[in-house]
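For reference, the chains in residue letters:
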Amino acid sequence: MTDATIKTDLAGDANAAKASAKKTAAKATAAVKKAAATIAETTAEKTQVAREYVHDKTDAAVAWSKPKAEAAHKAAEEHPLALALGTFVAGAVFGFLLARNFDR
């Protein structure tokens, strides 16, 4: 009679699989840490660039709009009737356009 049983060393394969899994997990952990550091650095750089851009644009807007606002204020003080009529006409046109849109 022949022996049909197959004898394998399952314990050795399990240990090799565990070692392989630990090695793979260590590589993945290192890759994630490196990616997180890169993301943090890039985010800090982009945030600084955005801050500088907003600061520059804000300064430019203030420098541009302050004289315009002063000129408009002076014109309103000199011609209050023109301001009132202009505001009324602008409101009437805006109201007409708004009402036309709501009729659809």
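Model, not experiment: these values are computed from the prediction.

Calculation notes
Residues numbered from 1 in each chain as written. Predicted model: local features only at pLDDT ≥ 70, side-chain atom pairs only at ≥ 80, totals over all residues. Heavy atoms only, no water. Helix = DSSP H or I, 4+ residues; strand = E, 2+ residues; numbered from the N terminus. Buried < 20%, exposed > 50% of the residue type's maximum accessible area, 1.4 Å probe, protein only. Areas by Shrake-Rupley, 256 points an atom, 1.4 Å probe, with all protein chains shown as cover. Patch = residues over 30% accessible without salt bridge, like charges linked within 9 Å, V, L, I, M, F, W, Y side chains within 5 Å. Salt bridge = Lys/Arg side-chain N within 4 Å of Asp/Glu carboxyl O. UniProt positions renumbered as here; feature names shortened; annotations may be inferred.

J.: If you had to explain the overall build of the protein to someone new, which residues and values would you point to?
T.: Looking only at helices and strands, the protein has two helices and zero strands in total. Here the protein holds 104 residues, and 0% of them are scored as buried. By element, 67% of the accessible surface of the protein is carried by carbon and sulfur atoms, the whole surface being about 9600 Å².

J.: Quick rundown of a nonpolar patch on the surface? Include the residues and the values.
T.: Nonpolar side chains collect at one region of the surface, where Phe 88, Val 89, Val 93, Phe 96 and Leu 97 lie side by side and expose about 520 Å² of accessible area between them. Relative to the helices and strands, Val 89 is located in helix H2 (residues 80–102).

J.: Can you tell me about the UniProt feature "transmembrane region" (unreviewed entry) in the protein, naming the residues and giving the values?
T.: According to UniProt, the "transmembrane region" (unreviewed entry) feature falls on residues 81–99. In residues 81–99, the share of helix is 100% and the share of strand is 0%. The end C-alpha atoms are 27 Å apart.

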